[in-house]
Amino acid sequence: MSKPLSDHDRKKQISVRGLAGVENVTELKQNFNRHLHFTLAKDRNVATKRDYYFALAHTVRDHLIGRWIRTQQHYYEKDPKKIINGWQVEEADDWLRYGNPWEKARPEYMRPVHYYGRTEHHSDGVKWVDTQVVLALPYDTPVPGYRNNFVNTMRLWSAKAPCEFNLKDFNVGGYIQAVLDRNLAENISRVLYPNDNFFEGKELRLKQEYFVVSATLQDIIRRFKVSKFGSREIARTDFSKLPDKVAIQLNDTHPAMAIPELMRVLVDEEKLDWVKAWDICVHTCAYTNHTVLPEALERWPVDLFAHLLPRHLEIVYEINRRHLERVAAKYPGDHDRLRRMSLIEEGGQKRINMAHLCIVGSHAVNGVAQIHSDILKATVFKDFYEMEPHKFQNKTNGITPRRWLVMCNPGLAEVIAERIGENFIRDLDQLQGLRKFVNDEAFIRDIAKVKQENKLKFSVHLEEHYKVKINPNSMFDIQVKRIHEYKRQLLNCLHMITYYNRIKKEPNKQWTPRTIMIGGKAAPGYHTAKMIIRLITAIGEVINNDPVIGDRLKIIFLENYRVTLAEKAIPAADLSEQISTAGTEASGTGNMKFMLNGALTIGTMDGANVEMAEEAGDGNLFIFGMRVDDVDALDKKGYHAQEYYNRLPELKQAMDQISGGFFSPKQPDLFKEIVNMLMHHDRFKVFADYEDYMKCQEKVNALYKNPKEWTKKVIHNIAGCGKFSSDRTIAQYAREIWGMEPTLEILSAPEL
């Protein structure tokens, strides 16, 4: 018979200490404070009772985790984009399936976002009524600075149905409909549109754009009004100071709704007069353009706007009316200019030109490379530049050296640090100091050794994943970017085929061995891009299995290209392919990553390639092809692909092989659409640059046979990378657009 429990033992059995295994109260308090501060990001000055409850819950949960982990099953994640039988096949990347340990939900800052409804005009202003409401739940991710103790916040939003959402349906048996309605509301943040440089005017996409804009602007206004962190007391009501405290950078036209939404908040809710509100709006907003491709520019149907966001359509119309009055006053009688500069396109279905809205509603407009910014002023936004030249600037893109050198290529970072110290990690301009080591034999050897080690590591990865035997002494020739006609992966394909044909013709010649890799994703609805992927894989199937070729030429399509794979591929690259038609690539950043990691560039004078050549020296890149002026001249003259096909025997042979089924013997006409496009309606003029591209590739082959001279050019490239740090880019945005001075201040570490 068991001994009866004493009162002390009985209490111990049901106490937190006994259940959770807490050794002492001090430990419990320490864990409680730790969770309050670091899990909930609150201190006792601003914490609510709910915060204290959650801190205690997390403290108790800590003591359950060990048992919990042991009972979990192992799950296997699927790749989001696979290549199956040579075709890209999409699968959902459910990245939140297992939660995200880096984010913190902030339900206390949830905001309502309104859709549909109608407007009522009263003597005291306009009201937007009878709307559908979706709640925006914020999730905060900490973004730490580099060794300075600063941690900024990235705030993302998740759509949630309001609690009262069709609740009456539950009481009358309409349970299923109520659940479906909830799902419809929460779909807003469930799927990301994967398109790149292609506009798809779907209602869900406009809903998503307005959702993040409205939630963010409400949050900005809330924080502007309060006096201190965590406070809810209104302290500021003078919105004239908003541009001094807030900068809204419109990153392309996707957040363009910020302009009419800010006007709605200021005029309808805060009761400012239009002129004052517009002045605040323009001085708060700035616009970065990212593309000149007409198919990428957002042009929303007016009918869709009227249905989904009726108040915002009224505001856009009023912005346009006042804008056109200013245009007419400056250019009297120029009706065609009025048409060109209107925010509303009248031909056929009426549409709102979101780029025009961004320019009119911003105090600064910039491109992302000098050539791109010049093209905006000369062509795409010429009328706007002539009217307000002071708005237009350039901000060349940059990359972070912390991830794209120190983290992904520690061997190279160490070799550099041995020569010039570690301060280049914060100040990339210090890489210029490497120029004095261009002829240093030991440095040349060290750079070449790091590259070879990276190639060996990547070769192991490739052989494991693609079952293709890689020659690590071959030139690693890599083109990784979204699959798009303007990026001209097809020009690369023609080089592969031509090089293959040359080796087959003279198999005993000493050819420079190459492993050519193309990686990237096609938008699910972009048929031509998917056919390009299939062509690349088909070429690889033939070349990789030809015994005459051996390991002198291998073709690999890098499936599911993403940052994780880029961190392996870029440090291993010898040659970086940046071969877009001149005037089509806004900037590019992959080109900078390859340059920083010791690859030489073969490229056109497009995007940031132009500035890369200026920084490294023209002779240290392999530049080929038409310049922007040449492309314009060819457009005027007329581009006829047949002329190049008839004149260039190697081009004709390659095209005949594609069209004749050499690379698709079971489906001889598989690539007829690609052939037809290249021969009859190629906007990006692949054939016009083919001959010069092939000659330039011969120069690449010749230099690769001289490793010492190759590595000297590599050093010149690395030394010229200083300009392409994102630190420089962001500092320029801060000084020249946001009106603030960047700081190198180091915050003191918190006392725990």
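Rules of the game
- Residues numbered from 1 in each chain as written.
- Predicted model: local features only at pLDDT ≥ 70, side-chain atom pairs only at ≥ 80, totals over all residues.
- Heavy atoms only, no water.
- Helix = DSSP H or I, 4+ residues; strand = E, 2+ residues; numbered from the N terminus.
- Buried < 20%, exposed > 50% of the residue type's maximum accessible area, 1.4 Å probe, protein only.
- Salt bridge = Lys/Arg side-chain N within 4 Å of Asp/Glu carboxyl O.
- pLDDT = per-residue confidence, 0-100.
- Contact = heavy atoms within 4.5 Å.
- Axes fitted to C-alpha atoms, helices over the stretch in contact; angles between N-to-C directions.
- Parallel < 35°, antiparallel > 145°, perpendicular 65-115°, else oblique.
- Left-handed = near helix turned anticlockwise from the far one by under 90°.
- Nonpolar A, V, L, I, M, F, W, Y, C, P; charged D, E, K, R; others polar.
- Phe/Tyr/Trp six-rings, centres within 6.5 Å; stacked < 30°, edge-to-face > 60°.
- Lys NZ or Arg CZ within 6 Å of the ring centre and 35° of its normal.

Positive phi is not limited to glycine here, since Ala41 has a value of about 55°. Here Arg147, not a glycine, exhibits a phi torsion of approximately 55°, which is positive. By secondary structure assignment, the location of Arg147 is in the loop between strand S7 (132–144) and strand S8 (151–160). The exposure class of Arg147 is exposed, given its relative accessible area of 58%.

A complete count under the given rule lists 54 salt bridges for this structure. Its salt-bridge partner being Glu541, residue Arg534 comes within 3.6 Å of it at the nearest N-O pair. Its relative accessible area of 11% is what places Arg534 among the buried residues. The exposure class assigned to Glu541 is partly exposed, which follows from its relative accessible area of 40%. Between Glu611 and Lys723 there is a salt bridge, with the nearest N and O atoms lying 2.8 Å from each other. Placement of Glu611 in helix H24 (residues 609–616) and of Lys723 in the loop between helix H30 (707–719) and helix H31 (726–738) is noted, with a sequence separation of 112 residues between them. For Lys723, a relative accessible area of 23% puts it in the partly exposed group. Look at the salt bridges and you will find they share partners, linking Lys42, Asp51, Arg106, Glu108, Asp140, Arg155, Asp219, Arg222 and Arg223 into a network.

What follows concerns the confidence of the model for the protein. Counting all residues, the mean pLDDT for the protein is 90, and 90% of those residues have values of 70 or more. A low-confidence stretch, residues 10–23 stays under pLDDT 50, and its non-local contacts, those more than four residues away or across chains, total 12 contacts. A low-confidence stretch, residues 64–81 (pLDDT under 50), is modelled with 20 contacts involving residues beyond four sequence positions or located in other chains.

Any two packed helices are characterised by the angle at which their axes cross and by the distance between the axes. Taken N-terminus to C-terminus, the directions of helix H20 (residues 489–505) and helix H29 (residues 686–704) make an angle of 55°; their axes are 10 Å apart at the nearest point. Looking at the two axes, H20 sits oblique to H29. Considering how the two elements wind past one another, H20 and H29 form a crossing that is right-handed. Between H20 and H29, the residues in contact are Leu491, Asn492, Leu494, His495, Thr498, Tyr499 and Arg502 and Val686, Phe687, Asp689, Tyr690, Tyr693, Met694, Gln697, Glu698 and Asn701, respectively. The class makeup of the residues in the contact of H20 with H29 is eight nonpolar, five polar and three charged.

Using the criterion set out here, one finds 19 aromatic pairs in the structure. Ring centres of Tyr53 and Phe54 lie 5.4 Å apart, and the angle between their planes is 70°; on these two criteria the pair is classed as edge-to-face. Residue classification places Tyr53 among the exposed positions, given a relative accessible area of 56%. Judged by relative accessible area, Phe54 falls into the partly exposed class, the value being 37%. Against the face of Tyr115 rests Lys207, its NZ or CZ located 5.7 Å from the ring centre. Taking NZ or CZ as reference, Arg337 lies 3.9 Å from the ring centre of Tyr331, over its face.

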